[in-house]
Amino acid sequence: MLPDFDEIVRSTYGCWALALNRPRAIESFDRSNAGVVRSFVAAMFVAPTLLVDDLFQSHFTFSVGVFLDWIGFLFLYCNILLLFAVFCSTTARWFGAFERVTDFIVVSNWLGLPTGYITFIIGLFISAETDIAPVAASLNVIVSLGVLVVLCLWAARLLKFSALGGIVFVLSNMLSAVFVMVLFSMVVENSSLIGKVLSFIV
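The structure contained in this document is the topic of the report that follows. (Residues numbered from 1 in each chain as written. Predicted model: local features only at pLDDT ≥ 70, side-chain atom pairs only at ≥ 80, totals over all residues. Heavy atoms only, no water.)

Regarding the overall build of the protein chain
The helix and strand tally for the protein chain stands at seven helices and zero strands. In the protein chain, the succession of helices and strands from N to C terminus is α-α-α-α-α-α-α. Per-residue burial over the protein chain gives 34% buried out of 202 residues. In the protein chain, once contacts between residues fewer than 6 apart in sequence are set aside, the share between residues at least 24 apart is 68%. (Helix = DSSP H or I, 4+ residues; strand = E, 2+ residues; numbered from the N terminus. Buried < 20%, exposed > 50% of the residue type's maximum accessible area, 1.4 Å probe, protein only. Contact = heavy atoms within 4.5 Å.)

Right, here's the structure in full:
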């Protein structure tokens, strides 16, 4: 269930139109069940840029350990996306906005595609360690904060929350998703360590 080129262009434009609060911008997105699935696939299209950026930062040093780190990172990235959607759905149900949360999940997934490639390009300038690197680093922070602000505005607008409600909704669900995955990573690492100790003793 891959999004085709037309859907990618239409949804990317929809992100721009929705950020500008243009009327009927939400209709640029497919919010059907199949459309929701394709929005998650679209969010995953950013993953290769993250891996390439890591290669640039490591000066193209590659090893089996680096490859395993990439696999682990992709696992975390996928699960954070899914957990964020689950937490958003749960929170929206508590506040009576469950029937509208699909719109927010779809647009937030699609937003990751253009912004992911923008931050990737900026990251290349940072990794180059030239005179422009500090400017690129500052620009990267601005883009990241801009994405966060846009998500909070979309949450307030699409879920019919107040501005403060949109901020709390996005930050609480985002932090919850990251916290769960960090906790999971710590448990897995400790489990591996315990397994090594037990095997050594036995």
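Structural notes on a nonpolar patch on the surface
A contiguous nonpolar patch, built from Leu 164, Ile 167, Val 168, Leu 171 and Leu 175 and spanning about 460 Å² of accessible area, is present on the exposed surface. Of note, Ile 167 is situated in helix H7 (residues 163-201). Overall, Ile 167 belongs to the partly exposed group, its relative accessible area being 37%. (Patch = residues over 30% accessible without salt bridge, like charges linked within 9 Å, V, L, I, M, F, W, Y side chains within 5 Å. Areas by Shrake-Rupley, 256 points an atom, 1.4 Å probe, with all protein chains shown as cover. Salt bridge = Lys/Arg side-chain N within 4 Å of Asp/Glu carboxyl O.)

Some words on the pattern of salt bridges
Applying the stated rule across the entire model yields five salt bridges. Between Arg 38 and Glu 7 there is a salt bridge, with its nearest N and O atoms 2.7 Å apart. Here the residue Arg 38 occupies a position in helix H2 (residues 33-44), and Glu 7 occupies one in helix H1 (residues 5-19), the gap between them amounting to 31 residues. Here Arg 38 falls in the buried class, since its relative accessible area comes to 15%. The closest approach of N and O atoms between Asp 30 and Arg 38, which form a salt bridge, is 2.4 Å. Residue classification places Asp 30 among the partly exposed residues on the basis of a relative accessible area of 22%.

Quick word on the packing of H2 against helix H5 (residues 101-127)
Packing of H2 against H5 brings their axes to within 7 Å, and their N-to-C directions diverge by 25°. Judged on the interaxial angle alone, H5 and H2 are roughly parallel. For the pair H2 and H5, the crossing hand works out as left-handed. Contact residues: Val 36, Arg 38, Ser 39, Phe 40, Ala 42 and Ala 43 in H2; Thr 102, Ile 105, Val 106, Asn 109, Trp 110 and Leu 113 in H5. Of the residues contributing to the contact of H2 with H5, the split by class is eight nonpolar, three polar and one charged. (Axes fitted to C-alpha atoms, helices over the stretch in contact; angles between N-to-C directions. Parallel < 35°, antiparallel > 145°, perpendicular 65-115°, else oblique. Left-handed = near helix turned anticlockwise from the far one by under 90°. Nonpolar A, V, L, I, M, F, W, Y, C, P; charged D, E, K, R; others polar.)

What about the environment of Asn 33?
Following the sequence through the fold, Asn 33 ends up in helix H2. Judged by its relative accessible area of 70%, Asn 33 falls in the exposed class. In this structure, the C-alpha to C-alpha distance between Asn 33 and Thr 102, residues 69 residues apart in sequence, is 9.1 Å.

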